[in-house]
Amino acid sequence: MIDTVAFDADDTLWHNEHLFQDTQKALEAIVQRYRPGEDIHGALFAVEMKNLALFGYGIKGFMLSMVEAAIQITEGRVTAEEIHEIIALGKAMMEAPVDLLDDVEQTLGAVKGRFRVILITKGDIVDQTSKIERSGLAGHFEQVEIVPRKDAGIYRAIFERHGIAPERTVMVGNSMPSDVLPMLELGGHGVHVPYTLLWAHEAHDEDPESERFHRLERLGELPALLDRLLSGGQG
Ligand SMILES: [Mg+2]
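From a predicted model like this one, the values you see are computed outputs, not experimental measurements.

### As for the coordination of the magnesium ion
Piece 1. Binding of the magnesium ion to the protein goes through Asp8 (OD), Asp10 (O) and Asn174 (OD1), at separations of 2.2 Å.
Piece 2. In this structure aspartate 8 comes out as buried when scored by relative accessible area, which is 6%.
Piece 3. Assessed through its relative accessible area of 15%, aspartate 10 is described here as buried.

### With respect to the packing of aromatic side chains
Piece 1. In the structure shown here, the tally under the stated rule is 3 aromatic pairs.
Piece 2. Aromatic side chains phenylalanine 7 and phenylalanine 141 sit 6.4 Å apart centroid to centroid with 65° between the ring planes, which places their arrangement in the edge-to-face category. Of this pair, phenylalanine 7 sits in strand β1 (residues 4–7) while phenylalanine 141 sits in the loop between α6 (125–135) and β3 (143–147), placing them 134 residues apart in sequence. There is no split in this pair, since phenylalanine 7 and phenylalanine 141 are both buried.
Piece 3. Their ring planes at 35° and their centres at 6.1 Å tell us that tyrosine 155 and phenylalanine 159 sit as a pair that is tilted. Note that tyrosine 155 and phenylalanine 159 are positioned in helix α7 (residues 152–162) at a spacing of 4 residues, about one turn of the helix. In this pair, the class of tyrosine 155 matches that of phenylalanine 159, namely buried.
Piece 4. Over the face of the ring belonging to tyrosine 57 we find lysine 122, whose NZ or CZ atom lies 4.6 Å from the ring centre.

About the criteria used
- Residues numbered from 1 in each chain as written.
- Predicted model: local features only at pLDDT ≥ 70, side-chain atom pairs only at ≥ 80, totals over all residues.
- Heavy atoms only, no water.
- Donors = N, O, S within 2.8 Å, 3.2 Å for Na, K, Ca; no water.
- Buried < 20%, exposed > 50% of the residue type's maximum accessible area, 1.4 Å probe, protein only.
- Phe/Tyr/Trp six-rings, centres within 6.5 Å; stacked < 30°, edge-to-face > 60°.
- Helix = DSSP H or I, 4+ residues; strand = E, 2+ residues; numbered from the N terminus.
- Lys NZ or Arg CZ within 6 Å of the ring centre and 35° of its normal.

Shown next, in the form of structure tokens:
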């Protein structure tokens, strides 16, 4: 029995990772003025991971990590004007249009009414609230939860607060560690819908062996999967 469907937002309902990857390329161009040919990926990722516990997920933390990485890679030679350029890159990310993925509106329309539909997204509360508003999708969700990270404890707290049974819940998202694995741990269903780009932090090694783990090529396949689960199939 399934009565609740929870969705991730970034790279599940709308495009997000390309903004980070494009901005990283722009940062690389700034840094290459000092270090021609430098690939900044590893250095920036290391700074981001070091800062994650302090800054959390989101664009503001990414901006600060970009500044820190630029100072580090250029050995302090990056100018105040260039730091201003980096901050402008971050601000542009915050104002970028919310570009929905294919099938999103049809899929949300198909599950609404049949299931309790909620949104669970991690990140900065200002960024995420603004994207949800600008997406035009807010009306599809009974609850919207913006959390600092996604692990089994955080999901459990959300479900308890709303009287949701994890074993009757399907969580749909593009990240195995954030969206799928914690749900399986709680006895629920995890549906992985991979996005074309993947942040290294969200990578995973091996697929779980669980009949509650499902993978779809696209979000539009979700209503049929839910039908199969409701009719007692393994999906
Ligand atoms: Mg996501």
